[in-house]
Amino acid sequence: MGNTAWVLTATALVMLMTPAGLALFYGGMSRSKNLLNTIAMSVMGYVVAAVVWVVAGYTLAFGTDIGGIIGFDSLFLSGIKVTDLWATGSIPVLLFVAFQMTFAGITVSLASGAIIERLKFSTWLVFAAIWILAVYAPVAHWVWGGGFLSKLGVLDFAGGTVVHINAGIAGLVVALMLGRRADYGKAMFPSSVTLTVLGASMLWFGWFGFNAGSELAADGIAASAFLVTNTAAAIAALAWMTIEYITYKKFTLLGIASGIVAGLVAITPAAGFVDTSASLIIGAVAGIVAFYGVNGLKKALKYDDSLDAFGIHGVAGIWGAIATGIFANPEVNELGTGLLYGNADQVMIQIEGIIVTIVYTAIATAIVFKIASILTGGARVSADAESQGLDEVEHGEKAFNLR
Amino acid sequence: MGNTAWVLTATALVMLMTPAGLALFYGGMSRSKNLLNTIAMSVMGYVVAAVVWVVAGYTLAFGTDIGGIIGFDSLFLSGIKVTDLWATGSIPVLLFVAFQMTFAGITVSLASGAIIERLKFSTWLVFAAIWILAVYAPVAHWVWGGGFLSKLGVLDFAGGTVVHINAGIAGLVVALMLGRRADYGKAMFPSSVTLTVLGASMLWFGWFGFNAGSELAADGIAASAFLVTNTAAAIAALAWMTIEYITYKKFTLLGIASGIVAGLVAITPAAGFVDTSASLIIGAVAGIVAFYGVNGLKKALKYDDSLDAFGIHGVAGIWGAIATGIFANPEVNELGTGLLYGNADQVMIQIEGIIVTIVYTAIATAIVFKIASILTGGARVSADAESQGLDEVEHGEKAFNLR
Amino acid sequence: MGNTAWVLTATALVMLMTPAGLALFYGGMSRSKNLLNTIAMSVMGYVVAAVVWVVAGYTLAFGTDIGGIIGFDSLFLSGIKVTDLWATGSIPVLLFVAFQMTFAGITVSLASGAIIERLKFSTWLVFAAIWILAVYAPVAHWVWGGGFLSKLGVLDFAGGTVVHINAGIAGLVVALMLGRRADYGKAMFPSSVTLTVLGASMLWFGWFGFNAGSELAADGIAASAFLVTNTAAAIAALAWMTIEYITYKKFTLLGIASGIVAGLVAITPAAGFVDTSASLIIGAVAGIVAFYGVNGLKKALKYDDSLDAFGIHGVAGIWGAIATGIFANPEVNELGTGLLYGNADQVMIQIEGIIVTIVYTAIATAIVFKIASILTGGARVSADAESQGLDEVEHGEKAFNLR
Amino acid sequence: MKKIESIIKPFKLEDVKDALAELDITGMTVSEVKGYGRQQGHSELYRGAEYVVDFLPKIKIEVVVVDELVDKVIDVIVKSARTGKIGDGKIFVSNVEKSVRIRTGELDNEAV
Amino acid sequence: MKKIESIIKPFKLEDVKDALAELDITGMTVSEVKGYGRQQGHSELYRGAEYVVDFLPKIKIEVVVVDELVDKVIDVIVKSARTGKIGDGKIFVSNVEKSVRIRTGELDNEAV
Amino acid sequence: MKKIESIIKPFKLEDVKDALAELDITGMTVSEVKGYGRQQGHSELYRGAEYVVDFLPKIKIEVVVVDELVDKVIDVIVKSARTGKIGDGKIFVSNVEKSVRIRTGELDNEAV
Ligand SMILES: Nc1ncnc2c1ncn2[C@@H]1O[C@H](COP(=O)(O)OP(=O)(O)O)[C@@H](O)[C@H]1O
Ligand SMILES: Nc1ncnc2c1ncn2[C@@H]1O[C@H](COP(=O)(O)OP(=O)(O)O)[C@@H](O)[C@H]1O
Ligand SMILES: Nc1ncnc2c1ncn2[C@@H]1O[C@H](COP(=O)(O)OP(=O)(O)O)[C@@H](O)[C@H]1O
C-alpha cells in the first residue's frame, strides 16, 4: 500500500513533465510565432501516446515475451484485472501500465525538440502514434520487458537508453530528414526564457517520480535515487553555468536550465545504482559534455537540432548509460555492479545496449517518419507558413494577446 | 498509512487545481484587461471555501445525517480528534475534511467561468461564501454524506454530479441573471492560450488526486481510476481536436485544452467504476458533446456563458453521470453495476440524481445570487468599468508589465 | 513504507517551492528588466544549497552533536547506508537528507527577496554557499539537530525560526549593507502579478509537503498539520485583502498572494501543534501584522527590503513562533503545550529562540556577506547596469520576446 | 497628399476603421501609444504604495490621403471616435511630399 | 531635411537596415505597427467562432536625411523591402524643418 | 503649429514629461520604439551563439505646439533628456497644418 501510494504519486509527477514541464521548456525556447505549436507537440505527443499505449503499446512492451524481441498478450488491456499485482513492488498492474505510459509519452515528445518550427502538425500526430508502437515499445521491451538487452545485463534504472538516447536519436534523424529551418543561422530569440526556466523546474520536480518512482517501491533505493537525482541536476547546472561563464562572461538562464536537464538525463539510468559522490561526478560531466553537444557538435555538423533534443538528451543520455556501467555500486543496489566495483564487463554491456538502440532507433525512425510524411502529404510546411509562424497557420491562434 | 500517504498527496493535488490550474485555464481565456480578475475569482473562490468549510461547510455535508437532507455535528470541527479515523480507507478524519474542502473550493470556482468580465468582486466573495453552505454542502451531503441520493443508489465516484453538474448549472443561472457582456458577439481574444494550456495540464495533473484520491485508499481501484482518468482525457482531446479540425481546418490549442477538461469531467463520476475500454468511449463522446455544448448550444441560445462553465462542465458532467449508469463494471468495483452489466435501473437512478441536482441548484443558486447582489449593492460593474477592464478598476493592477 | 511514500512526495513538493514557486512569486514582483535575474537567484540558491548540503551542510546540521553547537560525522554523506533508517518515522536516512536539503534551499533563496535588482550575481552564488554552512546549518542544528535550542524546549514544527526568521533577518541585514536601489521610492511596477499569483499558489501547494511532511509520517498529526496550513493561508489572504481594501479600496492580487504567504509562514512553526480554531487566529493575525510589516515598518524605516523578505517572512515568522508558544495544544500533539493549555513558560522559551536566532543570524550574515563581497570584488552592480537591468547585463537574455 | 494622424481611445478603433472603410480608404497604419493629456491617469497600487500612472493607452491611426479627401476623412474620424468624454483625442494634419508603393513602385496619388 | 517613413513587412527589417547602413545612414527609428490595406488579414479562431483580424503586423522605419539623399534612400528601401507580393508596404516623405542632437545640441544637417 | 518629435532614452521619460508639464504643455503622445544609431547595441546569447542586437529601446515623444513655443520646448527637452552619453537621441520638428480636438471639434491653436 505504501508502494502503491508512492507509485500513484510518481505517475502523476511524470505525467506533469510532458504537457506542462517539457511543453514550457521547449515552448519558451521557440520563437513567439511558434510558441503554441511547440507546446502542442509536447501536449499531443502525450495525448497520442496515452491512447496508443492502452490500445497496443503496453502489451507490445510488457506483454509475454516473444523471442526476446517483443511482447504480446492482448489489445485494450483486456485480461488485466483490478486486483492483479505486478511482481516488483506488488503494485497493481494497472498502475504499472499508467506509470509506463507516462514514459512513452515523454519520450516521443522529447524528440519534438529537434524539429520544431517547420513540421506539419498532422505529420507529427501520425508520426507519434506509429513511433510509439514501432520504436518505443520494442526498445522498452528489450530493456525492461524481459527482452534480449535485459538478458544481456544492460542496466537502465529509469530510462537512459529507453527514453533519452532513444528520443535524442529519433530527433536527430528526423531533423536531418526534415532539413534546416529557413532562418537557420540567423538570430532567433527564444519567446520566453522565463517559461523555459519554469518548465525546467517542473521537469526537475517530475523527475523525482521518474527516477525514484522507477524503483516501484517506497524504500531506501527510492530514497537514494531521489537524492542522487537532485544532486546530479544541481551540479550539472553549476557545471554548465560555469563553463558558459568562462566562455561568454554571462550566466545565462537558458544555460542553467539546460544544465539541470542534462544532469537529470545523465543520472536517469544510474539513479537506483549509484551513491551521492558518484552523482556529483556524473552530473558535473553531464553539464560539460552536453554544453559541448550543444555548442560544439551542432555548430560543427550544422544540422538543425532546433532545441537540442540530441545535443542534450542524446549526448547526456549516452554519458549516463556509460557512467552507470562505471559507478554502479552494489552497496546501493545489489542488482548493479560497475567497473569501479570490479565488474569491468558492465561498461561494455552498456555500450552494446547503446549501440543497439542507436542503430535500431535510427533506422526504424527514418522509416516511420517517411511513412508519416507520405500519409500526410509531405512533412514540411510551406515556406510562407514557416515565415508567418505555425501558431497562426496550423492553430489559428496567438500565444499571447497582451495590451 | 499507505492510504493516508496517498490521500495527503491527493489533497495537495486537488488543491493545486483551483488557485493554479483553473486560475490559469480561465485566466488565459479572458481578455488581458480582465486576466487578474479572472484569476482572482478562482483563487478567492478557494480561499473563501477553505474558511467556510472548517467553520460550517464540512459538518453540513458530512456531519450526522438529518432526514437525508443535511448533516450537522458542530461548528469549527470541534469534537474531531487528531486520532479519529474515517471508515473508508481508515484515514484520519481531519484528512478527509481537508480532502473534501478542496472539492468545495474547486466547485464554486468552476462556476466563475460563466460570469467573468462583468461581475463585481465583492459580490463574488459574498456569493461564494453563501453558495458553499446553501448549495454545495447539501448536494454533497445527498450524494456522499449519507443523504437521500446516496440511499437511492446514485453513483458518483468523484463528483460528476456534486462538482461538475452543480458548478455548470450554477454558472449558467448566474450568467443568465447577470446578462451578457457589453461586447458579446464581438471578437474577444484570449489573453494567453499559453496560460490556458498550462492551466489545463495542471488540472489534468491534479485530477489524478481528484479521481484516484476519491477511493481514499492506495489500491487497485485507485490505480484503475487513475488510468481511466488519463485515457479519457487524452481521447477527449483527440475527439475535440478532430471535430474542430473537420469544421475549421485548424488544430486549436484552446480546443485541445477544452477537450482534455471535457474528458476529465466526464470520467469523474465513473472513474472508480469503469474499465479502460469504457473510458475510451466515455472520453471520446465527452469531447464531442462538449464541443457542441460550446459551439452549438451556446450560439443557439445566445446566453453569455463566457468561458463555458456550463458548456463543458455541465454538458460533459451530465454525459458522465449517465455514462456511469451505462458502463459501471462490477468486476472493476462491486459497488457499481451499470446497464451493460445487466442493471438497467442504474441509468434511471443516475438521471434522477441529475434532475434533482439541476432543479435544486438552479433555484438555490438564483436565490443566493440575488442575496449576494443585494448585500453588495448590485452585482454588475458599471459599463465604464467593464470597458476599462476589471483589473484596473477592481484590483488596481496590471497582469503584465513587459518592456 | 507509507511514511516513506509520504516523505518522498513531501520532499518533491518542497523542492518545487524554490525554483518554481518562489522564483515566480519573486520574479513577478521585480521589474521586467530584472525578471530573469530575480528568478535566477531562487533557482541558483537551491542549486548551490543542493551541492553544499551533501558535501558538508547535512552533517553540520544533523551529524553527531558537538556541545549543542554544531554536528559532524563526515563529509560527502559517507557512511550513510541505503538501508539506514531515521528514528522519527523510520524513513531512510537518505530521504531525511533530501527532505532537509529542500529546506536549506528555500531558506537562502527566501533571503534574496530583500536584495534584488542591484546585487552582483557572482556575489550571490558565493554568499549562498557560505551562508548555508555558516548560518543555516548551525541554526538548524540548534533547533532540529539536537542542539541547545531544542534542549531548551523551543518548538518549531516546520521552520518558523530555522527558515523564516532566519531568512527574513538575513535578507534585512544584506539589504541594509547593500543599500537602496537607485530608483527607490519611484514607481517600480511588477513585471507580472500573474506570475506572482501563480508562484504563490505553487508555494501553497508545496507548503503541504513542508508542514505536513515535517511530521515525517503519514499519520493524524500530518493530517492536522495539512489542514491548519490550508486554513491559515486562506484566512490570512482574507485578512490582508480586507485591510488593504479598507485602506486603498482595491482588492489587489499582490495583497492576496502576500497574505497567503504570510499565513503559511506563521503557521509553519505551529503546524503540528495547533488545532483548526487556533489556525484561524494565527492566520488572521499573520495577514494583518505582515500587512503592516510591509506597509508600515518598511515605509517608516526606509530600508529597501525590495520584495519584503523581512516584512513578510521575518514579521510573520516571529508572530508564528510566539503563537506556537500560545496555542500549542497537547491534544493535537503531546510534544507541545502552550500558554493556553497551562504552560506559560513556552512563550518565553519561544522568545528566547527568536532572539538567539536574530542575534546570531544578523551578525553571522553580515560577516558572510562581507566575505562574499570581498571575494567577488564588491557586491553591487554599477549604476549603469542597475539602470539597464540585470537580465541584460548579468545574463545576456530577455525574459520575454513576444511579438 | 496629407497625412492625417489621429490619437483615439483604444476601443474606438473598430468604429473608426469601419467608418474609413466606407469612404473607400483602403490603407491605414495603426500603433499603440500612450497619451498624456487633460484626461487624468488612473492609479496603480504596489505593495501599499499608490502610484499615479499619467499615461493612458491610446491608439494612433495614420492615414495618408489625397488632398481632396482630407476634410471628409477628418469629419468621419471625429464622428466615429467621439464619445464626448474627456480624452477622446486629437487629429493632426501634415503635408506629405511623396508616396511610393513598394511592391509596384507606383508614385504619389497612385500610391496612397 | 526630409523624413522618410516606410511601412514594411516585419521580416524585411534586417535587409532594409543592412541596405541603409551601406548608404552610411547611421540613424533610424523603428516601431511595431499594424497595417490595414489591400493585403487581407488572417482569421483567428476562438471557441468555435472565426474572427477576421484586419490588421497585420508591420514595421515602420523612420529615417531623417538631408535632402540630397532622399531619392537614393527611397530607392534602396524599395529594393530591399520588395517581395513582389501584396502587402509590401509604402513609403511617405515629408519635410523636417529642424533637427537637434540632444547630446551635443548640434543642429539640422549636423544632427541627422 | 509644429510637431516636435523626440527620440530619447527610456529612463528619461519621467524627467522630460515633468519638464514639459512645467511649461504648461498639457498634451503629448508617447510610444515605444527601437533606435539604431551610433550607440552600439548589446549582444544577447542564445544556446552558445552570440547575436548583436542592433536596435536599442527608445521612447518617442510627440508633442504638437503653437509656433511660438517651439524653441522653448526644444530647449526644455534637450535639457531634461541629456545624459551626455552617446545615444541620447534626437529632436525633429515638422509643420502641422491643422489640428482638431475630437471631443469638441475645436480647431488648430485651440486644439493643441
Ligand atoms: N499637444 C499634443 N501633442 C500630441 N498629442 C496630444 C496633444 N494633446 C493631446 N494629445 C493626445 O491626445 C490625447 C487626448 O487628449 P486629452 O487632453 O486627454 O483629451 P481631450 O483631447 O478630450 O481634451 C492625449 O492622451 C494625447 O495622446
Ligand atoms: N493610405 C495609407 N496610409 C497609411 N498607411 C498605409 C496606407 N496605405 C497602405 N498603408 C500601409 O501599407 C501597408 C501595405 O499596404 P497594402 O495595401 O496591404 O499592400 P500594397 O502596398 O502592397 O498594395 C498597409 O498594411 C498599411 O500599413
Ligand atoms: N537620422 C535619423 N533618423 C531617425 N532617427 C534617428 C536618426 N538618427 C538617430 N536617430 C534616433 O536617435 C537615437 C540616438 O542616436 P545615436 O546616434 O545612437 O546617438 P546620438 O544621438 O547621441 O549621437 C537612435 O537610436 C535613433 O532612434
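Computed from a predicted model, the values in this text were never measured in an experiment. (Residues numbered from 1 in each chain as written. Chains lettered and ligands numbered in written order. Predicted model: local features only at pLDDT ≥ 70, side-chain atom pairs only at ≥ 80, totals over all residues. Heavy atoms only, no water.)

A. Quick look at the relation of the copies chain B and chain A. With an RMSD of 0.0 Å, the fit of chain B onto chain A corresponds to turning through 120° and sliding 0.0 Å along the axis. These values place the two chain copies in the arrangement generated by a three-fold rotation axis. Closest to the rotation axis within chain B is the C-alpha of B:Gly2, separated from it by 2.3 Å. Looking at the interface residues of chain B, only 19% of them are also at the interface in chain A, so each copy uses its own face. (Least-squares fit on C-alpha atoms with pLDDT ≥ 70 in both. Contact = heavy atoms within 4.5 Å.)

B. Region of interest: the interface of chain B and chain A. Listed as interface residues are 53 residues of chain B and, on the opposing side, 54 residues of chain A. Looking at the side of chain B facing chain A, the largest losses of area belong to B:Thr194, B:Phe205 and B:Phe251, adding up to 14% of the total buried there. Across the contact surface, chain B and chain A share zero salt bridges. The interface formed by chain B and chain A contains 13 residue pairs in polar contact (both at pLDDT 80 or more). Broken down by secondary-structure element, the contributors of at least two residues to the side of chain B that touches chain A are helix 1 (2-29), helix 7 (193-213), helix 8 (220-248), helix 9 (253-267) and helix 10 (276-301) of chain B. Of all the elements, helix 8 of chain B adds the most residues to the side of chain B that touches chain A, at 14 residues. (Buried area = accessible area lost by both parts, 1.4 Å probe. Salt bridge = Lys/Arg side-chain N within 4 Å of Asp/Glu carboxyl O. Polar contact = N/O pair within 3.5 Å; in protein donor to acceptor, adjacent residues only side chain to side chain. Helix = DSSP H or I, 4+ residues; strand = E, 2+ residues; numbered from the N terminus.)

C. Highlighting the UniProt feature "modified residue: O-UMP-tyrosine" (unreviewed entry) in chain D. The feature "modified residue: O-UMP-tyrosine" (unreviewed entry), as given by UniProt, occupies D:Tyr51 in the numbering adopted here. Along the chain, the position of D:Tyr51 falls in strand 4 (residues 49-52). Among residues more than four places away in sequence, those in contact with D:Tyr51 are C:Gly185, C:Lys186, C:Ala187, C:Phe189, D:His42, D:Ser43, D:Glu44 and D:Tyr46. (UniProt positions renumbered as here; feature names shortened; annotations may be inferred.)

D. Representation of the site of ligand 2. Surveying the vicinity of ligand 2 reveals 22 residues, the closest of which are D:Thr29, D:Arg101, D:Arg103, E:Arg38 and E:Gly87. Surrounding ligand 2 is a set of residues that belongs to chains D and E. Note that an oxygen atom of ligand 2 is positioned 2.8 Å from one of the side-chain N or O atoms of D:Thr29. Contact between ligand 2 and D:Arg101: an oxygen atom at 2.7 Å from a side-chain N or O atom of the residue. Protein chains shield 99% of the accessible area of ligand 2, which is 550 Å² for the free molecule. Of all the elements in the fold, those that place two or more residues in the shell around ligand 2 are strand 2 (28-36) and strand 5 (56-65) of chain D together with strand 2 (28-36) and strand 6 (90-95) of chain E. Among the elements that make up the shell around ligand 2, the one with the highest residue count is strand 5 of chain D (three residues). Grouping the constituent residues of the shell around ligand 2 by class yields eight nonpolar, seven polar and seven charged. (Near = heavy atom within 4 Å. Areas by Shrake-Rupley, 256 points an atom, 1.4 Å probe, with all protein chains shown as cover. Nonpolar A, V, L, I, M, F, W, Y, C, P; charged D, E, K, R; others polar.)

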